[in-house]
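A structural walkthrough
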Amino acid sequence: NAGVTQTPKFRILKIGQSMTLQCAQDMNHNYMYWYRQDPGMGLKLIYYSVGAGITDKGEVPNGYNVSRSTTEDFPLRLELAAPSQTSVYFCASSPGGGGVTGELFFGEGSRLTVL
Amino acid sequence: QKEVEQDPGPLSVPEGAIVSLNCTYSNSAFQYFMWYRQYSRKGPELLMYTYSSGNKEDGRFTAQVDKSSKYISLFIRDSQPSDSATYLCAMARGSYIPTFGRGTSLIVHP
């Protein structure tokens, strides 16, 4: 049972390059999320999706894009990478939103450095 | 004022100590309160989950919610070096996405 799988685990980008962080879950969860985590700053929500074809912005969406064509996959696209996007990115999924069904299952993270 | 406040630490304690980790919040509509544990270079995982006020115990861990004071706590008894991790509190209202605290780094030294 893989849970939430993120690729790549590490990546170095040059300023202005673009890339896609991949996320897949095999738990048939409706909700999926992308967070970024900077040292000592907790988790900041970038984008989330409540089902295939539905996405919405979180707290820090600028510089990112997402799509959700299937229940399983939720890729995060970085356009024109900037040093401020250096961070650890976590993908997560949950059966539903909020309380009772809102337990988030996280991937192991993707460490991105923009130089 | 941030919705959820959590001291980032680090908090360093000797093995066997009782640890108290805390969060305060400003949104009285929060109903669900969670603690996630995150080991170094790993994703967070749910440790404790509480609905509304009161206490919940699971082995060496106790989660406490005081809605009147807008204050939640996680107590760890007989702390072990394997408890060294970052602990993030999270809160949600209804079906809304949880709001996370900054996380507190805990170091339990032998």
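Shown above is the structure to which this text applies.
Attention here is on the structure that accompanies the text.

Rules used in this analysis
- Residues numbered from 1 in each chain as written.
- Chains lettered and ligands numbered in written order.
- Predicted model: local features only at pLDDT ≥ 70, side-chain atom pairs only at ≥ 80, totals over all residues.
- Heavy atoms only, no water.
- Pairing = 2+ DSSP bridges.
- Helix = DSSP H or I, 4+ residues; strand = E, 2+ residues; numbered from the N terminus.
- Axes fitted to C-alpha atoms, helices over the stretch in contact; angles between N-to-C directions.
- Contact = heavy atoms within 4.5 Å.
- Buried area = accessible area lost by both parts, 1.4 Å probe.
- Salt bridge = Lys/Arg side-chain N within 4 Å of Asp/Glu carboxyl O.
- Polar contact = N/O pair within 3.5 Å; in protein donor to acceptor, adjacent residues only side chain to side chain.
- Nonpolar A, V, L, I, M, F, W, Y, C, P; charged D, E, K, R; others polar.

Topic: the sheet that holds strand β8 (residues 76-78) of chain A
Residues and elements named next belong to chain A. Strand order across the open sheet formed by 4 strands is β1-β3-β8-β7, with antiparallel pairing between neighbours. One side of each edge strand has no neighbouring strand; the edge strands of this open sheet are β1 (4-7) and β7 (64-66). Ignoring strand direction, the axes of neighbouring strands in this sheet form an average angle of 20°. Pairing between β7 and β8: 3 bridges, direction antiparallel.

Some remarks on the interface of chain B and chain A
Taken together, the contact between chain B and chain A spans 19 residues of the former and 22 residues of the latter. Roughly 1700 Å² of surface becomes buried between chain B and chain A when both sides are summed, with 58% attributable to carbon and sulfur atoms. At the junction of chain B and chain A, the tally comes to 1 salt bridge. Among the salt bridges present, the one from K42 of chain B reaches E108 of chain A, with a minimum N-O distance of 3.3 Å. Taken together, the links from chain B to chain A amount to 5 residue pairs in polar contact (both at pLDDT 80 or more). Secondary structure elements with two or more residues in the side of chain B that touches chain A: β4 (32-38), β5 (45-51) and β9 (85-92) of chain B. Here the side of chain B that touches chain A is built from residues that sort into 11 nonpolar, 5 polar and 3 charged.

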